[in-house]
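# Report on the structure
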Amino acid sequence: LYSYFPGDPRWPRSRKSLTYAIASTPETPAIDSATLRAVFARAFGRWSAATTLNFTEVAWSASGSSTADITIGFYAGDHGDGEPFDGPLGTLAHAFSPTDGRFHLDAAEAWVAGGDVARAAADEAVDLESVAVHEIGHLLGLGHSAEPGAIMYPTITSRTRKVELAEDDVQGIQSLY
Ligand code: TQI
Ligand code: CA
Ligand code: ZN
Ligand code: ZN
C-alpha cells in the first residue's frame, strides 16, 4: 500500500499546473540537453496522465530567482542541504516533500538517459527516468509503498528500468489530488 509524508503535505488543490526547471549546475552530466529534457518530460507525463495535474518546463534562472515550483539539479557530494551525496550507487537522488520542490540527483552516478540501461557499459548504470518517476512521486507527497510492483516501492537495482505507474501508485496519487 502507498503512503504519504508525515502530515500529508500536498500542493494546494488550486494549483493544477506546476512548473519545473532543470538547473544547469557545474556537475550536470554530459547528457545532451534535449535528451535530458525529454526524460524529465516523460517522467512528469506519467504522473499527469493519472491525475488532473499538469507540468510545464520553464527556463532555469541562473540568478537563483527561478520561479519554478520544482527545481531539478545534479550535485556531487556535500551540496549544502545537509544531505550529502555519496558517490556511485547508495543514494541516487532525493526529493523534498510539497511544497518545497527541490529534486537533487547525485552527479556521481552512471546515469543512462533514454537508452537501454540493461545494455549500458557500466555495471552501476542507473536509469534516469526510473529514478525521476520515483522522485516525482515524493515531490507530489507520496512516501514509500509496501507493494513490490509500485514505483514508490523502496528498492531499485542498477541496470533496471521501471517507469510504469502501478495501480497502487495511481490510487495513492489520486487520493492526494
Ligand atoms: N533516495 C531515497 C528515495 O528516494 C531517499 C529517501 C530515503 C527518501 N528515505 C526516504 C525519500 C523517505 C523520501 C522518503 O527513496 S534513493 C529508490 C528506491 C532512491 C531510491 O536514491 O535511495 C529510487 C532513488 F525506491 F528504489 F529505493 C530512487 Cl526508485
Ligand atoms: Ca550515490
Ligand atoms: Zn540535496
Ligand atoms: Zn523513495
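Residue positions within a chain follow its written sequence, with the count starting from 1. As they are written, the chains are lettered A onward and the ligands numbered 1 onward, keeping that order. For this predicted model, a pLDDT threshold of at least 70 governs which residues receive local features, and a threshold of 80 or more governs which side-chain atom pairs are given and counted, while totals over whole chains, interfaces and linings are taken from all residues. Calculation of side-chain values draws on the structure's entire complement of heavy atoms; hydrogens and water are dropped beforehand.

## Some details on the nonpolar core
The condition is simple: For this analysis, a nonpolar core means a set of buried residues of the types Ala, Val, Leu, Ile, Met, Phe, Trp, Tyr and Cys, connected via side-chain atoms within 4.5 Å. Each residue's exposure class comes from its accessible area (1.4 Å probe, protein chains only) as a fraction of the maximum for that residue type: buried when under 20%, exposed when over 50%, partly exposed otherwise. Comment: elements are numbered from the N terminus, with helices defined as DSSP H or I runs of at least four residues and strands as E runs of at least two. Only heavy atoms enter the contact rule, under which two residues are in contact if any of them lie within 4.5 Å.
Within the largest apolar cluster, 42 residues are counted, with the highest numbers of intra-cluster contacts made by Phe 40, Trp 47, Ile 72, Leu 105, Trp 111, Leu 128 and Leu 140. Counting only elements with at least two residues in this core, the list comes to strand E1 (17-22), helix H1 (33-48), strand E3 (70-75), strand E4 (93-95), strand E5 (102-106), helix H2 (128-140) and helix H3 (167-176). Looking at this core, the element that brings in the most residues is H2, giving 7 residues. With residues near it in sequence (within four places) discarded, Trp 47 still touches Phe 55, Val 133, Ile 136, Gly 137, Leu 140, Leu 142, Ile 151, Met 152, Leu 165, Asp 169 and Ile 173.

## Comments concerning the site of ligand 1
Rule in force here: For this purpose, a residue is taken to be near a molecule or strand whenever a single non-hydrogen atom of the residue falls within 4 Å of it. Nitrogen and oxygen atoms within 3.5 Å of one another constitute a polar contact, given that in protein one can donate a hydrogen and the other can accept it, and given that sequence-neighbouring residues count only through two side-chain atoms. Using the Shrake-Rupley algorithm and a 1.4 Å probe, accessible areas are obtained, with residue cover drawn only from the displayed protein chains. A cavity here means a set of points on a 1 Å grid, drawn over the protein atoms and nothing else, where a 1.4 Å probe fits but cannot get out; a pocket is an open set with protein on both sides within 12 Å along at least five of seven lines, and a residue lines either one if it has an atom within 4 Å of a point. Think of it this way: a molecule belongs to a cavity or pocket when more than half its atoms come within 2 Å of the grid points there.
Around ligand 1 lies a shell of 13 residues, among which Leu 92, Ala 93, His 134, Glu 135 and Thr 155 are the nearest. Between ligand 1 and Leu 92, the relevant distance is 2.6 Å, taken from an oxygen atom to a main-chain nitrogen or oxygen of the residue. Between ligand 1 and the protein, one listed contact pairs an oxygen atom with a side-chain N or O atom of His 134 at 3.4 Å. Bound to the protein, ligand 1 loses 73% of the 570 Å² it would expose on its own. Given that more than half its atoms are within 2 Å of the pocket grid, ligand 1 belongs to the largest pocket.

## Some words on unusual backbone geometry
Look at the link from Pro 98 to Thr 99: it is a cis peptide, with omega at 0°. Here Thr 99 shows up in the loop between E4 and E5. In this structure, Arg 159 takes a positive phi of about 55° despite not being glycine. Here Arg 159 is to be found in the loop between H2 and H3.

## Side note on the layout of surface pockets
Basically, it comes down to this: Grid points are joined across faces, edges and corners, and a volume is the space filled by probe spheres set on the points. Under the grouping applied here, Gly and all other residues not named as nonpolar or charged are polar, the nonpolar ones being Ala, Val, Leu, Ile, Met, Phe, Trp, Tyr, Cys and Pro and the charged ones Asp, Glu, Lys and Arg.
Within this model, the largest pocket holds a volume of roughly 460 Å³. Taken together, 22 residues make up the lining of the largest pocket; nearest its centre are Leu 92, His 134, Glu 135, Pro 154 and Ile 156. Counting only elements with at least two residues in the lining of the largest pocket, the list comes to E4 and H2. Top contributing element to the lining of the largest pocket by residue count: H2, with 5 residues. Among the residues making up the lining of the largest pocket, the classes are represented as 10 nonpolar, 10 polar and 2 charged.

## Let's talk about the side chain of His 94
Mapped onto the elements of the fold, His 94 is located in strand E4. Among the polar contacts made by the side chain of His 94, one reaches the side chain of His 79 at a distance of 3.4 Å. Within the local environment of His 94, its side chain forms a polar contact with the side chain of Asp 81, the two groups lying 3.4 Å apart. His 94 has contacts with His 79, Asp 81, Glu 83, Phe 85, Arg 102, Phe 103, His 104 and Glu 135, leaving out every residue within four places of it along the chain.

## Notes on the pattern of salt bridges
Applicable threshold: We define a salt bridge as a contact between a side-chain nitrogen of Lys or Arg and a carboxyl oxygen of Asp or Glu at a distance within 4 Å.
Evaluated as defined, the whole model comprises 10 salt bridges. Salt-bridge contacts for Asp 127 lead to Arg 161; the nearest nitrogen and oxygen are separated by 3.2 Å. With a gap of 34 residues between them, Asp 127 in strand E7 (residues 126-127) and Arg 161 in the loop between H2 and H3 connect regions that are remote in the sequence. Overall, Asp 127 belongs to the buried group, its relative accessible area being 1%. According to the relative accessible area criterion, Arg 161 is partly exposed, its value standing at 40%. Members of the salt-bridge network, linked through shared partners, are Arg 42, Arg 46, Asp 127, Glu 129, Arg 161 and Glu 164.

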